Amino acid sequence: MPHPTTAQPESVLRLSHITKRFGALTANDAISLAVKVGEIVGLLGENGAGKTTLMSILFGHYVADEGEITVRGEVLPPGSPHAAIAAGIGMVHQHFTLADNLTVLDNIMLGAEPLWRLTSARGAARARVSALARDFGLEVDPDAVVAGLTVGERQRVEILKALYREARILILDEPTAVLTPQESASLFATLKRFVAHGLSVIFISHKLNEILAACERVYVLRSGRLVAERQITGTSRSELAELMVGRPLPQPRVEPQEPGAVVLELRDVSAHRGALWLRNVGVELRAGEIIGIAGVSGNGQTLLADVIAGTLAPDSGTLAMAGREVAAAGPRRMVAEGIGRIPEDRHSEGLIGDMSITENVISEGYDAAPFSRHGLIDWQAARAAAERAVAAYQVKCQGLDGPVRLLSGGNMQKLILGRVMARAPRVVLANQPTRGLDVGAVAYVHEQLLAARARGAGILLISEDLEEMLSLSDRIAVMHRGHLSEARPRAGLSIGELGLLMAGHTGGGDSHAA
């Protein structure tokens, strides 16, 4: 790609007074921002602040009610993704959109050739992809099948897809959400090459440290409005967090405390689902401690959580609660044993979208006291429990009878917390408890987990966010290809060391008891 010339305008992209309403809700309220040639701009905001709507307008999925977008001084036709791509706008979504059964080259070429062409120009496409990969440090085998790629390699393919379509303005949506620290560092090196070649980047992330490290400027949205624009050199993490939520945010503090007796123990547990395996996993969790389980997505963390929750039966090994073996347990039994589950996917596993808030609050105990009388649901008791959960956990909703799918992601997570913590569980299984949440909701979830630890609950924290892991955990273990490392004290670990362990640089063999 050519370097920028002096004839190019300083602002390659400009959004002017963009307003979008959905009924009575104003999702974007007269937002104006600009991106310069060869610049990385951060976009911050809580869930529901308007970031997704704004980017959907930019990419042509929505049409703004007011305002206009210009690219290199030309007005961008509204409501046309084709026009956005033709103008040089590319977007890499947080959840990749690749065909696993096709090769890298096939994925990149898919949809980029005219339908009426009788033959495919694969030779020229291969040469061009190789040149782009070399220029931007995005090395990946064009003949590799996507199903066999690592998460980091898949992201490179997504970026190459956009560059192949001659994107000059690249939108990256939570680009490091599933990457190891080493893969994130590689991405940041690639972004520097983008800037050197005159590309412009909009970097959307919940990770404030990454915004501070990667960007030159940052825009902050709150409640649909642009509330601040800051130069990175003149701001701080704490200022950006406060601008996002409109108030100071306390940092999580793990107070020293002596752990109690073992509340959960896995001994040589193996399990599988399809091609995914757990292999001889062992761990001991004590009352009043948090053990963090780090790992790149797909290495067995979900299987581990499912075994503990009772939704997957182990092939071998034993699981014990408070020293007593629990055999052939299902989810109902594990709830009765004192497992409080915060599932990985709050939409498909944590809540039932079309049921009401009240129905979801009692969903794990509707057939027992205090919600059941003589085989019938006591709706008065159920509603009282829902009211307590909504009040105690500050769930913003339009009432207890509306479908839970209308809640934001953060409020869904608060509702799950309210349901779990009301039972005062002995063990809290927190699987990706802050994934996709904004900084305010993250702080609230962290506060509740630490409060449960202070009450004496044992907490198993499964997370791909290493900052979260290091700020909350007493001990940390790493999952890689179904093996679990020894849990080590947090004080002796760094993000770099954890990243190497997540990538498989263990220097050892199978996992053993923590």
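Overview of the structure. None of the values given here were measured: they were computed from a predicted structure. (Residues numbered from 1 in each chain as written. Predicted model: local features only at pLDDT ≥ 70, side-chain atom pairs only at ≥ 80, totals over all residues. Heavy atoms only, no water.)

A short note on the packing of aromatic side chains
- Scanning the model with the defined rule gives four aromatic pairs in all.
- With centroids separated by 5.5 Å and ring planes inclined at 70°, the aromatic side chains of Phe-22 and Tyr-62 adopt a geometry described as edge-to-face. With Phe-22 in strand β1 (residues 11–22) and Tyr-62 in the loop between α1 (51–58) and β4 (66–71), this residue pair connects regions lying 40 residues apart in the sequence.
- For Phe-22, a relative accessible area of 36% gives the class partly exposed.
- Using a relative accessible area of 33% as the deciding quantity, one classes Tyr-62 as partly exposed.
- Ring plane angle 40° and centroid distance 6.3 Å describe the contact between Phe-188 and Phe-203, whose orientation is recorded as tilted. Separated by 15 residues along the polypeptide, Phe-188 in helix α6 (residues 181–196) and Phe-203 in strand β8 (residues 200–204) bring together distant segments of the chain. Each member of the pair Phe-188 and Phe-203 is classed as buried.
- One cation-aromatic arrangement involves Arg-128 over Tyr-164; the distance from NZ or CZ to the ring centre is 4.6 Å. (Phe/Tyr/Trp six-rings, centres within 6.5 Å; stacked < 30°, edge-to-face > 60°. Helix = DSSP H or I, 4+ residues; strand = E, 2+ residues; numbered from the N terminus. Buried < 20%, exposed > 50% of the residue type's maximum accessible area, 1.4 Å probe, protein only. Lys NZ or Arg CZ within 6 Å of the ring centre and 35° of its normal.)

Describing the pairing of strand β10 (residues 225–231)
- Here strand β9 (residues 217–222) pairs with β10 via six bridges, running antiparallel. Bridge pairing links Val-220 to Ala-228 in β10.
- Linking two consecutive strands that pair antiparallel, namely β9 and β10, is a turn of two residues; a positive phi of about 55° is found at Ser-223 within it. (Pairing = 2+ DSSP bridges.)

A word on the nonpolar core
- Ranked by size, the top nonpolar core spans 63 residues in total, and within it Leu-191, Phe-194 and Phe-203 carry the most contacts.
- When residues of this core are assigned to their parent elements, the largest contribution, seven residues, is made by helix α5 (residues 151–164).
- Val-254, Leu-415, Leu-450 and Leu-461 belong to the second largest nonpolar core, which has 39 residues in total. (Core = buried A, V, L, I, M, F, W, Y, C linked by side-chain atoms within 4.5 Å.)

Focus: the pattern of salt bridges
- Counting across every chain of the model gives 27 salt bridges.
- Where Arg-122 meets Asp-106, a salt bridge forms, and the shortest distance between an N and an O atom there is 2.6 Å. In this pair, Arg-122 sits in helix α4 (residues 122–136) while Asp-106 sits in helix α3 (residues 104–109), placing the two residues 16 residues apart along the sequence.
- Ionic pairing is found between Arg-237 and Glu-467, a salt bridge with its closest N-O pair at 3.5 Å. Of this pair, Arg-237 sits in helix α8 (residues 237–245) while Glu-467 sits in helix α16 (residues 466–472), placing them 230 residues apart in sequence.
- Arg-237 gets classed as partly exposed once you look at its relative accessible area, which sits at 31%.
- A residue is classified by how much of its surface remains accessible, and Glu-467, at 28% relative accessible area, is partly exposed.
- A single salt-bridge network, built from bridges that share partners, covers Arg-324, Arg-333, Glu-337 and Arg-426. (Salt bridge = Lys/Arg side-chain N within 4 Å of Asp/Glu carboxyl O.)

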